[in-house]
Amino acid sequence: PLSLTTLTMNSSSILTSDTNTTAQSNILYVTATSTITINAGATVFANAKGYAGGATNVPGSGPGYGSSTASKGGGGGAHGGDGGVGASTGGPGGTAYCSSTFPTTLGSGGGGGNTQAGGTAGGLIWISSTGTMTINGTIKANGNNTTGAGGGGAGGGIKLVAGTVTGTPQSFTANGGNGGSTGGGGGGGCIYIQYTTSNSITSTMATTTGGTSGTGSAGVAGTFQTLQVAAANTIPTVTTIFPSQTS
């Protein structure tokens, strides 16, 4: 991971990862021992950083890859939600596999159709802070749209872990990519927030939608989940013992 004491991203700054193709080799993982602040206008970006879409008439990559069927639309890649099916009994969409309670995976690529490659999926963003994390900018891990008979890439994964999570994101998305005119839509991704003290970022501020399709089927929406956990190394304070004991 990129290990820091504090991280402050100001307007126009961008943080991203390397790409992946057929294996999960690169994720965007940042950890800070104090605070993380993503100000308005700053972007943390993993669009199309997941598993690759398939070439023409070739399935996509990843555990939830979109399939291909000769001379028909490719299926959408999956992650938090299933991928859509290509039109006219085209390529099946992938099956969802992301862990909604602690995502650690990339999205899967869409299947290639008879005229167009499938879309590449969204990557994985993991941001961790022991203090306060303030999100007023953009965090996105979307799958790629495609055209023609290609299936859309699945949405990726976003995982935020901090003592306190606060702010109003400008955009907070792990959406599946749109399929083409006959390709299936990509499944939505996974967003997960874990905190110990408080969290003010709710599902109304985020989207994990499935991608659309022309005449195929749309991808299924992904997941959004928050979880409050006990702070590490905390010892309960005993204030009263009842009933009292005397000798």
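Residues numbered from 1 in each chain as written. Predicted model: local features only at pLDDT ≥ 70, side-chain atom pairs only at ≥ 80, totals over all residues. Heavy atoms only, no water.

**Let's talk about the sheet that holds strand E6 (residues 43–45)**
Across a sheet, strands are paired by hydrogen bonds formed along the backbone, either parallel or antiparallel in direction.
Argument step 1. Strand order in the open sheet formed by 4 strands is E3-E6-E8-E10, and the pairing between neighbours is parallel. The outermost strands of the open sheet, each flanked by one partner alone, are strand E3 (14–16) and strand E10 (171–173). The mean angle between the axes of side-by-side strands here comes to 15°, regardless of whether they run parallel or antiparallel.
Argument step 2. Inspection of the sheet shows E3 paired to E6 by 3 bridges, in the parallel sense. Residue Thr16 lies in a different strand from E6, and its bridge partner there is Phe45. (Pairing = 2+ DSSP bridges. Helix = DSSP H or I, 4+ residues; strand = E, 2+ residues; numbered from the N terminus. Axes fitted to C-alpha atoms, helices over the stretch in contact; angles between N-to-C directions.)

**Remarks on the pairing of strand E9 (residues 157–166)**
Argument step 1. The buried fraction of E9 is high, at 9 of 10 residues.
Argument step 2. Of the pairings in the sheet, the one linking strand E7 (residues 124–135) to E9 comprises 9 bridges and is parallel in character. Bridge pairing links Ser129 to Ala162 in E9.
Argument step 3. Pairing of E9 with strand E11 (residues 190–199), which is carried by 8 bridges, proceeds in the parallel orientation. Considered in E11, the bridge of Leu160 is made with Ile193. (Buried < 20%, exposed > 50% of the residue type's maximum accessible area, 1.4 Å probe, protein only.)

**Quick notes on the nonpolar core**
Argument step 1. Within the largest apolar cluster, 28 residues are counted, with the highest numbers of intra-cluster contacts made by Ile38, Ile125, Ile127, Ile139, Ile158, Leu160 and Phe172.
Argument step 2. When contributions to this core are tallied by element, the ones reaching two or more residues are strand E2 (7–9), strand E4 (28–32), strand E5 (36–38), E7, E9 and E11.
Argument step 3. The residues touching Ile125, leaving out its near neighbours within four places in the chain, are Leu28, Val44, Phe45, Ala46, Ile139, Lys140, Ala141, Gly157, Ile158 and Lys159. (Core = buried A, V, L, I, M, F, W, Y, C linked by side-chain atoms within 4.5 Å. Contact = heavy atoms within 4.5 Å.)

**Section: the environment of Thr95**
Argument step 1. If you trace the backbone, Thr95 turns up in the loop between E6 and E7.
Argument step 2. Setting aside residues up to four positions removed in sequence, Thr95 forms contacts with Gly64, Ala78 and Asp82.

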